[in-house]
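Listed below are the residues making up each chain.
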Amino acid sequence: MPNMSLNKVVMPEQDPAVRSRNFKEVSLGYTKEMAIEEAQRCLNCKNPRCVSGCPVNVDIPRFISKLAAGDADGALSVISETSSLPAVCGRVCPQETQCEAKCVRGIKGEPVAIGRLERYAADNGKISAPGRIELNGHKVAIVGAGPSGLTCAGDLAKLGYSVTVFEAFHVPGGVLIYGIPEFRLPKTIVASEIDKLKALGVHFETNYIVGHTLTVDELMKEEGFEAVFVGSGAGLPSFMNIPGENLNGVYSANEFLTRINLMKAYLPDAKTPVMIPKTAMIVGAGNVAMDAARCALRIGSENVYILYRRGEEEMPARKEEIHHAKEEGVIFHTLSAPVEIEGDENGFVKRVKCIKMELGEADDSGRRRPHPVKGSEYYIDADCVIMAIGTSPNPLIRTTTPDLETNRHGCIVADESTGKTSKEGVFAGGDAVTGAATVILAMGAGKNAAKAIDEYLKNK
Ligand code: FAD
Ligand code: SF4
């Protein structure tokens, strides 16, 4: 008999007052009993709608039924048939707009907590590593060690390719390492995924900027790589072009988060400094904005504001992140936008002139377009402004790779199901193609490209 409780089993968490001042993981994960109880809420539907909501089509009812029987190893083995980073996805995927949005249990009550169960299986299940793989003699280069590149690398290595991942930073992981904070995704989890790839024979070259150290063409012509997958992400921050953005104390969220997450600027002996704002204003309301706001609290800010030009309904961040940010004391100013950042006599941010917004007709994104309300300007005192209004791909790859078609947003043009680009032997996927998106979509793109690269090299 399924468990017909209308609500998900609650996930234990650190207390908001305590966690808002430390970098330890916020959500503590289900115990075995909790996982079994939640798994028993699944109806094991004949035509499970949840599976179609998952971009990599994990066989959700099958893995959940293993958990309901207390078999975490079996559950992990099912998930691993299609997903290569379950411990990551269980923590950061926007399940409420994907698999859980489709779950029939959501019609009356809360959907099954698919994400929490995935996390439980990944943290507690064990599967044996694949045996030694015979190399097939073909070399493939991967540009970027984010989720798309790592997934593509893993799948190709399992097929016997000799794979080298070239990563600009000194640590592989992409946004999972430099962007998403420790309190949402412990870095030991990312490191263990990288170790699994190393065990498969994937070789990592860090501190290697493709386009500077060698170009894509040079990798192919001089280094003998027969195919290249570009998974270089969308790490170039956007700014608003309002007066005062050059003042001291204005950061892009990417810079602020990289200093804190990758360079551990919050530790007393860290070599990379970061400003400890008294009052931080974060502009934007996506996951990046929530992460910046919650990091600002944790490094010691007294007041942290989120300024967002639309309403709470339209916020792109995961619901859980918004909920956690509020619990921790982040103050939300919705329907508001900055128009000017004012500085003091030393060139440091002093206050921000804001304007109230109202929502009009829906725009191309389907969300209602915000308009400024005339005469509604007001000021918020702040010594730090963090811009989290979006990112686009860094231009380096496109400017150093002739024949690689890109669109007007600077994204690489690639076939959605194969990652094939306009350039022979070059494939691409993840944020470098779609613009800033999600971990699971980047992984899906890496998976598709690995299949297509295998086909391409077999038929070459
Ligand atoms: P990335 O993860 O960006 O990795 C690209 C890698 O390529 C980087 O390591 C970069 O250094 C490297 N690189 C770039 N150029 C070069 C070059 N020329 N040579 C060598 N290496 C290069 N998604 C979710 O699903 N859930 C979340 O909760 C979530 N939170 C987020 C929070 C933050 C702060 C950010 C920034 C993003 C978040 N995202 C989230 C989005 C998600 O992380 C990205 O969509 C995903 O990481 C994209 O993967 P990718 O492999 O395409 O690129
Ligand atoms: Fe289980 Fe919900 Fe998927 Fe049905 S839709 S199989 S109840 S998780």
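Refer to the structure presented above.
Residues numbered from 1 in each chain as written. Chains lettered and ligands numbered in written order. Predicted model: local features only at pLDDT ≥ 70, side-chain atom pairs only at ≥ 80, totals over all residues. Heavy atoms only, no water.

Participant: Explanation requested: the overall build of the protein in the structure shown.
Facilitator: Broken down by element type, the protein carries 18 helices and 16 strands. Principal-axis analysis of the C-alpha atoms gives the protein an extent of 65 × 60 × 50 Å. Going through the 460 residues of the protein one by one, you find that 53% of them count as buried. Counting contacts in the protein only where the partners sit at least 6 residues apart, residues at least 24 apart contribute 69% of the total. Counting only carbon and sulfur atoms, one obtains 51% of the accessible surface of the protein, whose full area is about 20,800 Å². Taking the 52 positively charged and 58 negatively charged side chains of the protein as two groups, their mean positions are separated by 3 Å. (Helix = DSSP H or I, 4+ residues; strand = E, 2+ residues; numbered from the N terminus. Buried < 20%, exposed > 50% of the residue type's maximum accessible area, 1.4 Å probe, protein only. Contact = heavy atoms within 4.5 Å. Areas by Shrake-Rupley, 256 points an atom, 1.4 Å probe, with all protein chains shown as cover. Lys, Arg positive; Asp, Glu negative; His and termini not counted. Charge placed at Lys NZ, Arg CZ, Asp CG, Glu CD.)

Participant: Whenever I open this one, the site of ligand 2 confuses me. Can you help?
Facilitator: All residues in the neighbourhood of ligand 2 are listed as Cys42, Leu43, Cys45, Pro48, Cys50, Pro61, Cys103, Val104, Arg105, Val112 and Ile114. Taken together, the residues of the shell around ligand 2 sort by class into ten nonpolar, no polar and one charged. (Near = heavy atom within 4 Å. Nonpolar A, V, L, I, M, F, W, Y, C, P; charged D, E, K, R; others polar.)

Participant: What should I look at first to understand the sheet that holds strand E2 (residues 162–166) in this one?
Facilitator: Two orientations exist for strands paired in a sheet by backbone hydrogen bonds: parallel and antiparallel. Across the sheet, five strands lie side by side as E3-E2-E1-E4-E16; this open sheet has parallel pairing. Whereas interior strands pair on both sides, the edge strands pair on one side only; in this sheet they are strand E3 (203–205) and strand E16 (426–428). Shown here is a sheet whose adjacent strand axes are inclined to one another by a mean of 20°, direction ignored. Of the strand pairs in this sheet, strand E4 (residues 227–230) and E16 are connected by three bridges, and their pairing is parallel. Residue pairing in the sheet places Val230 in a bridge with Ala428 of E16. Seen against the sheet, helix H18 (residues 439–459) touches strand E1 (139–143), E4 and E16 and runs at an angle of roughly 170° to E4. (Pairing = 2+ DSSP bridges. Axes fitted to C-alpha atoms, helices over the stretch in contact; angles between N-to-C directions.)

Participant: Would you mind going over the layout of surface pockets with me for this structure?
Facilitator: Of the voids in this model, the second largest pocket is the one considered here, and its volume is about 1,000 Å³. What lines the second largest pocket is a set of 44 residues, among which Pro130, Lys158, Glu193, Lys196 and Leu200 lie closest to the centre. Elements represented by at least two residues in the lining of the second largest pocket include exactly helix H5 (72–80), helix H6 (86–92), helix H8 (114–124), helix H9 (147–158), E2 and helix H11 (187–199). Looking at which element gives the most residues to the lining of the second largest pocket, the answer is H11, with seven residues. Taken together, the residues of the lining of the second largest pocket break down into 19 nonpolar, 16 polar and nine charged. (1 Å grid on protein atoms, 1.4 Å probe; cavity = no way out; pocket = protein on both sides within 12 Å on 5 of 7 lines; lining within 4 Å. Points joined across faces, edges and corners; volume = space filled by probe spheres on them.)

Participant: Can you help me understand the packing of aromatic side chains in this one?
Facilitator: Enumeration according to the criterion identifies seven aromatic pairs in this entry. Measuring from centroid to centroid gives 5.2 Å for Phe169 and Tyr178, while their planes differ by 55°, and the two rings are tilted. By relative accessible area, Phe169 is classed as partly exposed at 30%. For the pair Tyr251 and Phe256, a centre-to-centre distance of 5.4 Å together with 65° between the ring planes defines the contact as edge-to-face. Classification of Phe256 by relative accessible area gives buried; the value is 0%. One aromatic cluster is present, formed by Phe23, Phe183 and Tyr266 through successive ring pairs. (Phe/Tyr/Trp six-rings, centres within 6.5 Å; stacked < 30°, edge-to-face > 60°.)

Participant: Would you take a moment to explain the pattern of salt bridges for this structure?
Facilitator: For the coordinates displayed, the defined rule picks out 28 salt bridges. A salt bridge links Glu321 to Arg184; its shortest N-O distance comes to 3.3 Å. Here Glu321, found in helix H15 (residues 319–328), pairs with Arg184, found in the loop between helix H10 (175–178) and H11; they are 137 residues apart in sequence, far enough to count as distant. Residue classification places Glu321 among the buried residues on the basis of a relative accessible area of 2%. Where Glu255 meets Arg259, a salt bridge forms, and the shortest distance between an N and an O atom there is 2.8 Å. With Glu255 and Arg259 both in helix H13 (residues 253–262), this residue pair falls four residues apart, about one helical turn. For Arg259, a relative accessible area of 23% puts it in the partly exposed group. Linked through salt bridges whose partners overlap, the residues forming this network are Glu13, Arg19, Arg184, Asp291, Arg294, Arg298, Arg318, Glu320, Glu321, Glu327 and Glu328. (Salt bridge = Lys/Arg side-chain N within 4 Å of Asp/Glu carboxyl O.)

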